[in-house]
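# Observations on chain architecture
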Amino acid sequence: MTCAACAQRIERRLNKLDGVTATVNYATEKAAVQLAGPVALDEAAHDTAARDAAVAQLIAAVEKTGYSAQEPAPLTEEPSAAGPAARELVGLRRRLLISAMLTVPVVLLAMIPALQFPWWNWVSLALTLPVVLWAGWPFHRAAALNARAGAATMDTLISLGTLAALLWSLYAMIFGAAGDPQLRHEFVFFTEPPWAAGAAHQMGAANIYFEVAAAVTVFLLLGRYFEKRSKSRAGQALRSLLNMGVKEVAVLRDGDEVLIPVRQLAVGDEFIVRPGEKIATDGTVVTGASAVDMSMLTGESVPVEVAEGDSVTGATMNSSGRLIVRAARVGADTQLAQMARLVEEAQSGKAHVQRLADRISGIFVPIVLIISLLTLLLWLLLGPSAEFAFTAAVAVLIIACPCALGLATPTALLVGTGRGAQLGILIRGPEVLEASRGIDTVVLDKTGTVTTGAMKLAAMHSARAWSLRNDQNATDDDAELLRLAGALEAASEHPIARAVTNAARETLGSTSGKLPAVSDFMNHQGYGVSGVISGQTVMVGRRKLLRQQGIDLPDEVAGLLAQAESQGSTPVLVAVDGDFAGVLIVSDAVKDTSAEAVARFAAMGLSTVLLTGDNAGAADRVAAEVGIEEVIAEALPQDKVAAIIRLQEQGRTVAMVGDGVNDAAALAQADLGIAMGTGTDVAMNAAGITVMRGDLRSVADSLALSRRTLRVIKSNLFWAFGYNVAAIPLAALGLLNPMLAGAAMVFSSLSVLGNSLRLRGFKGV
């Protein structure tokens, strides 16, 4: 495809097929196709023959339109260096270099009369023919194919303009005075209008335009080359995502290590990851502990500690220890492949502004042809020479090529979504960019979004420390309380139990092997656990468990428990040998970055609301800690949706940020849904943006990136529309040399590409 009009034609042809809904993207040169009816996509996926037939039908429809097509390689495969796109770029560069070498002397001879030796005009003809006919062949071929289909595109304008300049010059040399070996030719960028004093427009066929035909061809080849190369650079983020993956992996087979290609890895296989190696695929740590650098995938700079039972993500770097990992997802199901798929889907979609530009491009070319023909006829009727009329008509054809218009939106979208992927921000589609424009309110879920979502020990109070507040042994008593409780809870999988055990290990500086052993462990379902540690009977659990065993609590404990529960914390009581020993307070800790993120929202002019299913005490505590004033608590999933609707009815445009299944409906209801990548797949599927880091600052970055990308799209469209609107009248009035028109058209396209590529430097707010 060579312009947005080409994409429009292919899209229309595909959409005429039964059960086909297609979107063709000029920038990515891909068609996103949904099949329904006779050959539904999910049915075809299970029926190879039906799927192949459907693909063949789609390709045949594209070829009937005058273009070629092929099915893209799977996302899990790297793009080939010898693929069609790479070959096209090499061929384009060859045409450009050869045509440029041939064109330079033609332009110099035309522009500098002192260089015009006898027969220079015939030498110019010899040099120009291969430039226009061979180097410009892609334009002429595409124009002919389009004409056969009864359509006109940018290639039609280019082909008509350059061939008209060449044929007119041939006519002037054979039948006019331009064939004189002693011809002297003055060159001007801006032609004199017919009303100018002394303007000479009665020269008939005395002028030649070889320099116009050759230079316009070179300018357009140059523009197309830079366009192709820039689009390749713009899509680099997607390729770099795919290149993150491992190529080979050491798999354990019957106790032996076997090195296999990663594509042969199957779910359930156990593989080895040594320090400094990338993790081959998503899985669960079976043996070992290490720090994993997630920065390549999520942008998070701090390594994450993992141990047995923890999940790890493919393409992340194992920093320290040796791990054995059991594969949970492979190939197209991995998080890396899903990220790449989301990026590609976003780049293949179309925003409202792009659909508008496509529609305009589709009707723009025929209108330009009519304007060019009217320019020719009117100037012939008004009296100036045929030469002047012809020059103005050719200038209209060349300067009106709608390259910039077709590139304005898709290139910005391509670069913006690619940059987002590098920062761990996945923008699902172009409509998301438009949704971000009017956001004035950010609604935050609490657990897992503002808070860590993981229980942590917040405080501990031993019974002896209460009675001996000033005793120097009070700290030792707290430590002993935590040691016993942590040892007992180590045998439990409950999140609260893990919080207590982790705190014991961190505070006491112990490894799991150094915590005392537990015997006679018993799980009292819903109440707590008990066991024997070093001959002492230890119980850890709720108040009801201690009451069942006849253990009395000091009076002051009731106030402490009430206070903890009112703040959303969970008190865990400990008894040793039938006596109350103390209380551990466990709570969901606020993320270190949440307060900074809320401050960033405020700096962007956004108001923030905390929306949670937790109790009001817990919600108020978290809101006060991070600086949120508006709180909606104790909301069930349907209440969250109702709260979003109420805010929208107040005239607010709402972005909802969440991570859980209970947030999915609210994410879908909001004007813009943003899911934390550390949450559930359900939440991510319901959201328009996914931030892979569990960091609210990334949400601020995602909104800033969306807004900036939209601003770039608008500025691109402004300059593209403005350029055509301003330049066509100048060309029609005969004020532009066609060669200058060609150069200006190329500059317009390159400026749009350059403006879009600025997004690669986005670093966040």
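Residues numbered from 1 in each chain as written. Predicted model: local features only at pLDDT ≥ 70, side-chain atom pairs only at ≥ 80, totals over all residues. Heavy atoms only, no water.

Selection criterion: UniProt positions are given in the numbering used here, feature names are shortened, and annotations may be inferred rather than shown by experiment.
Taking an unreviewed UniProt entry as the reference, the chain is identified by name as Cu+-exporting ATPase belonging to Nesterenkonia sandarakina. The UniProt entry for the chain carries the following comment under Subcellular location (unreviewed entry): "Cell membrane". Under the UniProt heading Sequence similarities (unreviewed entry), the note attached to the chain is "Belongs to the cation transport ATPase (P-type) (TC 3.A.3) family. Type IB subfamily."

## Comments concerning helix α6 (residues 137–148)
Our working rule: Under the DSSP-based scheme used, a helix requires at least four consecutive residues in state H or I and a strand at least two consecutive residues in state E, with every element numbered from the N terminus. Expected helix span is given by 1.5 Å per residue-to-residue step, counting one fewer step than there are residues. Relative accessible area decides the class of each residue, using a 1.4 Å probe on protein chains only: under 20% of the type maximum gives buried, over 50% gives exposed, and in between gives partly exposed.
The end-to-end C-alpha distance of α6, which contains 12 residues, comes to 16 Å, matching closely the 16 Å that a straight helix rising 1.5 Å per residue would cover. Listed as buried for α6 are F139, H140, A142, A143, L145 and N146. G150 occupies a position one or two residues after α6 and carries a positive phi of about 75°.

## Describing the packing of aromatic side chains
Cut-off, in case you're wondering: Here a pair means two rings of Phe, Tyr or Trp (six-membered ring of Trp) with centres within 6.5 Å. Their orientation is stacked below 30 degrees between planes, edge-to-face above 60, and tilted elsewhere. Criterion for a charge above a ring: Arg CZ or Lys NZ at most 6 Å from the ring centre, at most 35 degrees from the ring normal.
This structure, assessed with the given rule, holds 1 aromatic pair. When the ring centre of W134 is taken as reference, the NZ or CZ atom of R95 above it lies at 5.1 Å.

## Describing the UniProt feature "transmembrane region" (unreviewed entry) in the chain
Listed under "transmembrane region" (unreviewed entry) in the UniProt record, and renumbered for this structure, are residues 96–113, 119–137, 157–179, 199–223, 360–382, 388–415, 716–733 and 739–757. For residues 96–113, helix accounts for 89% and strand for 0%, while the C-alpha atoms at its two ends are 26 Å apart. End C-alpha to end C-alpha, residues 716–733 measures 26 Å, and it is 94% helix and 0% strand.

## Considering the sheet that holds strand β8 (residues 304–306)
Test applied: For two strands to be treated as a pair, DSSP must find no fewer than two bridges joining them.
Reading across the sheet, the 3 strands line up as β8-β7-β10 and stay open at both edges, with antiparallel pairing between neighbours. Lying at the two open borders of the sheet, with one neighbouring strand each, are β8 and β10 (317–318). As defined by bridge partners, strand β7 (residues 290–293) adjoins β10 across 2 bridges and the pair is classed as antiparallel. Directly across from D293, in β10, lies its bridge partner M317.

## Quick notes on the environment of L125
Heads up, the condition is: Two residues qualify as a contact provided that any one of their heavy atoms is within 4.5 Å of a heavy atom in the partner residue.
Positionally, L125 belongs in helix α5 (residues 120–135). Relative accessible area serves as the criterion here: at 9%, L125 is assigned to the buried category. C-alpha of L125 to C-alpha of Y209: the two residues are 84 residues apart in sequence and 9.7 Å apart in space. When sequence neighbours within four positions are dropped, the list of residues in contact with L125 reads L170, M173 and F210.

## Thoughts on the pattern of salt bridges
The condition is simple: Salt bridges are defined by distance alone: a side-chain nitrogen of Lys or Arg within 4 Å of a carboxyl oxygen of Asp or Glu.
In total, this model carries 12 salt bridges according to the counting rule given. For the salt bridge of D445 with K640, the shortest nitrogen-to-oxygen distance reads 3.2 Å. Pair noted here: D445 is in the loop between β13 (441–444) and α16 (446–450) and K640 is in helix α24 (residues 637–649), with a separation of 195 residues, a long-range link. Of the two residues, D445 and K640, both sit in the buried class. Each member of the salt-bridge network shares a partner with another, and the members are E596, R600, D695, R697 and D701.

## Observations concerning the sheet that holds strand β9 (residues 311–312)
As summarised here, the arrangement of the 6 strands in space is β4-β3-β5-β11-β6-β9, forming an open sheet in which the pairing is antiparallel. In this open sheet, the two edge strands, each paired with only one partner strand, are β4 (256–261) and β9. Bridge analysis of strand β5 (residues 270–273) against strand β11 (residues 323–329) gives 4 bridges, and the strand direction is antiparallel. Each bridged residue has a counterpart across the sheet, and for I272 the counterpart in β11 is I324.

## Description of the packing of helix α22 (residues 594–603) against helix α27 (residues 696–732)
What counts, and what does not: Working convention: axes come from line fits to C-alpha atoms, limited for helices to the stretch in contact. Angles between N-to-C directions cover 0 to 180 degrees. The labels follow the angle: roughly parallel below 35 degrees, roughly antiparallel above 145, roughly perpendicular from 65 to 115, and oblique for the rest.
Contact pair α22 / α27: the axes reach a minimum separation of 7 Å and the direction vectors enclose 25°. Here α27 runs roughly parallel to α22, going by the angle between their axes. Two secondary-structure elements touch here, α22 through S594, E596, A597, R600 and F601 and α27 through L696, R697, V699, A700 and D701.

## Points about the pairing of strand β3 (residues 248–253)
Here 6 bridges tie β3 to β4, and the two strands are oriented antiparallel to one another. Bridge assignment links A250 to a residue of β4, and that residue is L259. Taking the residues that link successive antiparallel strands as the turn, the β3-β4 hairpin has 2 residues, and the phi of D254 there is positive, at about 55°. Bridge count for β3 against β5 is 2 bridges, and the pairing is antiparallel. Among the inter-strand pairings, V251 is bridged to a residue of β5, identified as F271.

## Digging into the confidence of the model for the chain
In low-pLDDT segments, the atomic positions of the prediction should not be examined closely. The test is simple: The predictor attaches a confidence to each residue, and that confidence, scored 0 to 100, is pLDDT.
For the chain, the mean per-residue pLDDT works out to 78, and 78% of the residues sit at or above 70. In this model, residues 197–204 is a region of pLDDT below 50 whose contacts with residues beyond four sequence positions or in other chains number 16 contacts.

## Regarding the nonpolar core
Quick reminder of the rule: Here, nonpolar core means buried Ala, Val, Leu, Ile, Met, Phe, Trp, Tyr and Cys residues that are tied together by side-chain atoms lying within 4.5 Å of each other.
Core analysis: the largest hydrophobic core is formed by 45 residues, its most contacted members being L444 and I674. Looking at which element gives the most residues to this core, the answer is α27, with 10 residues. Not counting the four nearest positions on each side in its chain, I674 is found in contact with A655, M656, V657, G658, L667, A687, I689, V691, V699, S702 and L703. Within the second largest apolar cluster, 32 residues are counted, among which are A135, I158, Y209 and L220.

## Points about the packing of α5 against α6
Stated precisely, the cut-off is as follows: Classes in brief: Ala, Val, Leu, Ile, Met, Phe, Trp, Tyr, Cys and Pro nonpolar; Asp, Glu, Lys and Arg charged; the others, Gly included, polar.
Put simply, α5 and α6 touch, their axes get as near as 5 Å, and they point 45° apart. Taken as axis vectors, α5 and α6 run oblique relative to one another. Where α5 approaches α6, its residues V132, L133, W134 and A135 are matched on the opposing element by W137, P138 and H140. Taken together, the residues of the contact of α5 with α6 break down into 6 nonpolar, 1 polar and no charged.

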